[in-house]
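Observations on chain architecture
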Amino acid sequence: MTDVILTINAGSSSLKFALHPVSDPLTPVLRGKATGLKRQPEFSVSVPAPCPWPIPVLDASSTHEDVARLLLDWLATHATNYNVVAVGHRVVHGGQAFTSPARITPQVVADLTDLTSLAPLHQPHNLAPVKLIAAQFPALPQVAVFDTSFHTTQDPLAKIFALPHALSEQGLVRYGFHGLSYEFIASTLPEHLGAKAGGRVIVAHLGNGASLCAIKDGKSVATTMGFTALDGLVMGRRSGRIDPGVILHLVQQRGMSVPDIEKLLYQQSGLLGVSGISNAMQDLEASDDPRAKTAIDLFCYRAAAEIAALIPALGGLDALIFTAGIGENSARTRAGICDRLGWLGITLDPAANEGAQLRINAVDARCDVLVVPTNEDAVIARHTIALALSADGQ
């Protein structure tokens with residue numbers, strides 16, 4: 001029987017999972033996901049393909065906890081050659097207290113629950129499987145790996161808002177997110193960039209949630225998301241950066257409540273709000289509706305503008321890395337962003353870009369442009385092995 005780590009990455013409407021051998025955490029023996037939760041849920045397995053076991057059918061009302069329960073039962077029934085020795089979870093917000101991965105205890109769960117208001121679309125779903133597993137398997141070690149941890153290396157100037165000092169002291173600062181993705185990409189830079197790996201790099205994590213991270217010497221120096229995962233780029237359903245005066249106007253002049261505004265900014269804006277069609281980039285690219293084009297163009301324009309805004313933190317740019325669902329799969333989006341950044345020495349090779357090759361910059365470009373698949377699960381598995389299975393972790 002093979003000892004494995006179960007990794008769980010719960011998003012706002014999905015739950016990804018994988019089994020990683022302790023001896024080789026980079027090569028999962030099982031990987032799958034449940035998507036479209038509470039809308040059109042679907043359970044799928046990508047590794048192994050085809051899956052030798054019956055694929056579960058999800059109910060239209062399936063929640064993250066329902067999927068986690070079904071997953072545990074499914075694994076217990078079919079994955080009999082694998083022994084789950086620990087579970088690692090992606091947790092979006094670690095606040096000020098959790099600056100590195102943590103072994104999960106009841107107190108840790110309570111502390112993380114208190115941070116729900118900082119990541120309302122993610123934190124409850126991140127913690128639902130944690131609580132379920134703790135109840136069913138109290139002796140099974142669990143580890144939380146935080147999206148915010150990678151950004152703790154930033155200079156204070158990159159983190160504070162221009163608010164009264166007392167508020168900054170109370171934790172109203174920029175935390176940054178997508179840290180697991182950025183940590184993985186940073187670990188691959190020596191392989192892909194050679195001598196430039198320690199240079200000035202911007203990683204564009206572009207998906208339904210989207211952000212940028214400026215990396216130097218493999219460490220985060222600035223990022224576009226802030227106090228919450230709402231700031232920065234245009235996203236699938238989230239507005240990204242917005243004039244705070246708009247919020248005041250909606251409250252004072254339109255009479256909107258806080259829950260109404262939260263729903264507007266987190267669920268009804270972004271690509272979906274601008275297009276009125278979909279939050280999925282592939283749907284917009286397939287549409288001939290002019291609003292779809294506007295949404296795509298705005299996404300690209302804002303991403304290019306935010307890339308430019310990160311340059312002062314780096315003092316220049318040696319490489320731009322695209323990753324995540326849109327970054328890895330949308331040649332149109334990559335071109336739409338890079339076409340606005342020629343002044344940085346960015347020039348694409350159209351054929352390489354259309355083919356989503358590793359290196360998509362033109363031969364004579366001053367700045368390297370790469371497409372690198374991210375692997376958040378591998379980061380979760382590595383930290384879980386180090387923390388849950390180490391001699392002092394037991």
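This text goes with the structure placed above it.
Note that the structure is a prediction, hence the values are computed from the model and not measured.

**Regarding the packing of helix α2 (residues 106–113) against helix α3 (residues 123–136)**
At their nearest, the axes of α2 and α3 sit 10 Å apart, and the two run at 160° to each other. Judged on the interaxial angle alone, α3 and α2 are roughly antiparallel. In terms of crossing hand, the pair formed by α2 and α3 is left-handed. Every residue of α3 that contacts α2 at Val109, Leu112 and Thr113 is listed here: Gln123, Leu127, Val130 and Lys131.

**Observations regarding the sheet that holds strand β12 (residues 368–371)**
Ordered by their spatial adjacency, 5 strands build an open sheet running β10-β9-β8-β11-β12, and the pairing between neighbours is mixed. Either end of the sheet is taken by a strand with one partner, and the two such strands are β10 (219–223) and β12. Across the sheet, the mean angle from the axis of one strand to that of its neighbour is 25°, orientation sign disregarded. Bridge count for strand β8 (residues 200–206) against strand β11 (residues 319–323) is 5 bridges, and the pairing is parallel. Each residue of the ladder has a partner; that of valine 201, found in β11, is alanine 319. Relative to the sheet, helix α6 (residues 179–193) contacts β8, β9 (210–216), β10, β11 and β12, its axis offset from that of β8 by approximately 130°.

**Some remarks on the side chain of histidine 20**
Structurally, the position occupied by histidine 20 is in strand β2 (residues 15–21). A polar contact of 3.2 Å, which involves the side chain of histidine 20, links it to the side chain of threonine 7. Residue contacts for histidine 20: discarding those within four places in its chain leaves Asp3, Val4, Ile5, Thr7, Pro25, Pro28, Asp377, Ala378 and Ala381.

**Topic: the nonpolar core**
Within the largest apolar cluster, 46 residues are counted, with the highest numbers of intra-cluster contacts made by Ile202, Leu206, Ile307, Leu317, Phe322, Ile337 and Ile346. Listed by contribution, the elements that provide at least two residues to this core are β8, β9, α10 (281–285), α11 (290–314), β11, α13 (331–338) and β12. The greatest single-element share of this core, amounting to 11 residues, is contributed by α11. Apart from residues no more than four positions distant in its own chain, leucine 317 is found in contact with Arg200, Val201, Ile202, Ile311, Leu344, Ile346 and Cys367. Ala86, Leu193, Ala197 and Ile385 belong to the second largest nonpolar core, which has 27 residues in total.

**Notes on the packing of aromatic side chains**
All chains considered together, the criterion is met by 6 aromatic pairs. Arranged with centres 6.3 Å apart and planes meeting at 75°, the rings of phenylalanine 17 and tryptophan 74 form a pair that is edge-to-face. With phenylalanine 17 in strand β2 and tryptophan 74 in helix α1 (residues 64–78), this residue pair connects regions lying 57 residues apart in the sequence. Phenylalanine 17 sits in the buried class, given a relative accessible area of 1%. For tryptophan 74, a relative accessible area of 6% puts it in the buried group. Ring centres of tyrosine 175 and phenylalanine 227 lie 6.2 Å apart, and the angle between their planes is 40°; this geometry places the pair in the tilted category. Remark: phenylalanine 227 occurs in the loop between β10 and α7 (244–252) and tyrosine 175 occurs in the loop between α5 (165–169) and α6; sequence separation between them is 52 residues. Given a relative accessible area of 8%, tyrosine 175 falls into the buried group. Note on phenylalanine 227: relative accessible area 27%, which makes it partly exposed. Among the aromatic residues, those joined into a cluster by ring pairs are Phe17, Phe43, Trp53 and Trp74.

What counts and what doesn't
- Residues numbered from 1 in each chain as written.
- Predicted model: local features only at pLDDT ≥ 70, side-chain atom pairs only at ≥ 80, totals over all residues.
- Heavy atoms only, no water.
- Axes fitted to C-alpha atoms, helices over the stretch in contact; angles between N-to-C directions.
- Helix = DSSP H or I, 4+ residues; strand = E, 2+ residues; numbered from the N terminus.
- Parallel < 35°, antiparallel > 145°, perpendicular 65-115°, else oblique.
- Left-handed = near helix turned anticlockwise from the far one by under 90°.
- Contact = heavy atoms within 4.5 Å.
- Pairing = 2+ DSSP bridges.
- Polar contact = N/O pair within 3.5 Å; in protein donor to acceptor, adjacent residues only side chain to side chain.
- Core = buried A, V, L, I, M, F, W, Y, C linked by side-chain atoms within 4.5 Å.
- Buried < 20%, exposed > 50% of the residue type's maximum accessible area, 1.4 Å probe, protein only.
- Phe/Tyr/Trp six-rings, centres within 6.5 Å; stacked < 30°, edge-to-face > 60°.

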